[in-house]
Amino acid sequence: MSSRGPGTRATRQALPPAMRDAVDGFAVHLAQVRNRSAHTVRAYVADLVSLLDHAVRMGCTAPAELDLGVLRSWLAKQRTTGAASSSSARRAAAARTFSGWAHRSGLLAMDVAAPLATPKTRRELPVVLRADQVATLVEAPGRDRPTTPGDDGPPAGPRDAPSTGAPSAPTTGGASPRVGPADEAVLSRDRALLELLYATGARISEVCGLDTTDVDRERRVVRVLGKGNRERTVPYGLPAQRAVDRWLAVGRPELAGPDSGRALFLGARGGRLHPTTARRIVAGYARAAGLPPTSPHGLRHSAATHLLDGGADLRTVQELLGHSSLASTQIYTHVSVERLRAAYRQAHPRA
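Cut-off values and rules
- Residues numbered from 1 in each chain as written.
- Predicted model: local features only at pLDDT ≥ 70, side-chain atom pairs only at ≥ 80, totals over all residues.
- Heavy atoms only, no water.
- Axes fitted to C-alpha atoms, helices over the stretch in contact; angles between N-to-C directions.
- Helix = DSSP H or I, 4+ residues; strand = E, 2+ residues; numbered from the N terminus.
- Parallel < 35°, antiparallel > 145°, perpendicular 65-115°, else oblique.
- Left-handed = near helix turned anticlockwise from the far one by under 90°.
- Contact = heavy atoms within 4.5 Å.
- Pairing = 2+ DSSP bridges.
- Expected span 1.5 Å × (residues − 1).

**Student:** So what exactly am I meant to see when it comes to the packing of helix H2 (residues 17–33) against helix H3 (residues 38–57) here?
**Tutor:** Any two packed helices are characterised by how steeply their axes cross, that is the angle between the axes, and by the distance between the axes. Where H2 meets H3, the axes come as close as 10 Å, and the angle between the chain directions of the two elements is 160°. Classified by the angle their axes make, H2 and H3 are roughly antiparallel. Seen along the crossing, H2 lies across H3 with a hand that is right-handed. Two secondary-structure elements touch here, H2 through Met19, Ala22, Val23, Phe26, Ala27, Leu30 and Ala31 and H3 through Val41, Tyr44, Val45, Leu48, Val49, Leu52, Ala55 and Val56.

Okay, structure coming up:
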């Protein structure tokens, strides 16, 4: 069973046996039947453990004793502790999913969560970079030399963190410090990573999960494995191709080792680049370049918004991003409208 931290594990262990078995069965159902991502499984299992712990405190000893009153009491308690509306909505979804599964599995006489309302959420518009800001970010590797050796894998070591943005301290006589092949390899990797993230709009887990065989350099497309193991093909542009070609020709051979396998992006010790490290790389270069706080998902937002601004239709952007529902993509139309309004207010004399 997946769990979220020692708190969830300890709470689960304290549950009555029937409830622990239900948690385990639900985790298997999510992962193997519903084909949910590991992140979703962890989140839903943690929510279920919290729900069942609350039910035990209300006198329940088995899943069969759950009712709508217990579910509503649990959600109300979450709201009183200051949970965000998005978290409350996810917890309600977890409760409904568990209730439906438990009813089908014979653990509940009826689907007690069917009447449960979903808390309304106010969806914030994503913050996106301007096209010129993205250009500054993706061109940052190499602009300043790395200052320290480093490591790879979570947590990221200094080499996998980009330059602080300040030039290296001069050596005697004002000469610049030497930059070794490994440092140059890291710079070429970082450039390729940033270019590919923005070019494809892919999730960071998808990009870090790429193998060299997933890149079709002739057709300039990558084969991406997204949520629910859904595969899609995403094109990328010439700047990304140049960066990836340089990484594969010069950088990757320098970092490759026994643990590299076919991984496209490698950490400094030769293993597959971890998403946590990649997030720190993106954030570090944005900070060094004086840009707003930026994450890989921010680059994904920026790519989608710029595609729509450039005339791409919503269905195409949905396909490129790998959204299962068009509703997930529609938020970017609101972003584009807000940008248009901001430009209008700034430029029009009677705005």
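**Student:** So what exactly am I meant to see when it comes to the sheet that holds strand S2 (residues 221–225) here?
**Tutor:** The pairing of strands in a sheet comes from backbone hydrogen bonds and takes either a parallel or an antiparallel form. In space, the three strands of this open sheet follow the order S1-S2-S3, with antiparallel pairing throughout. The two strands at the open ends of the sheet, each matched to only one other strand, are strand S1 (215–216) and strand S3 (231–235). Pairing of S1 with S2, which is carried by two bridges, proceeds in the antiparallel orientation. The residue bridging Val215 from the neighbouring strand is Val222, located in S2.

**Student:** What is the right way to read helix H5 (residues 85–104) from this model?
**Tutor:** In an α-helix, one turn spans 3.6 residues; hence positions three or four apart end up facing the same way. Here H5 spans 29 Å end to end across 20 residues, near enough to the 28 Å set by a 1.5 Å rise per residue. One or two residues past the end of H5 sits Gly106, with phi positive at roughly 85°.

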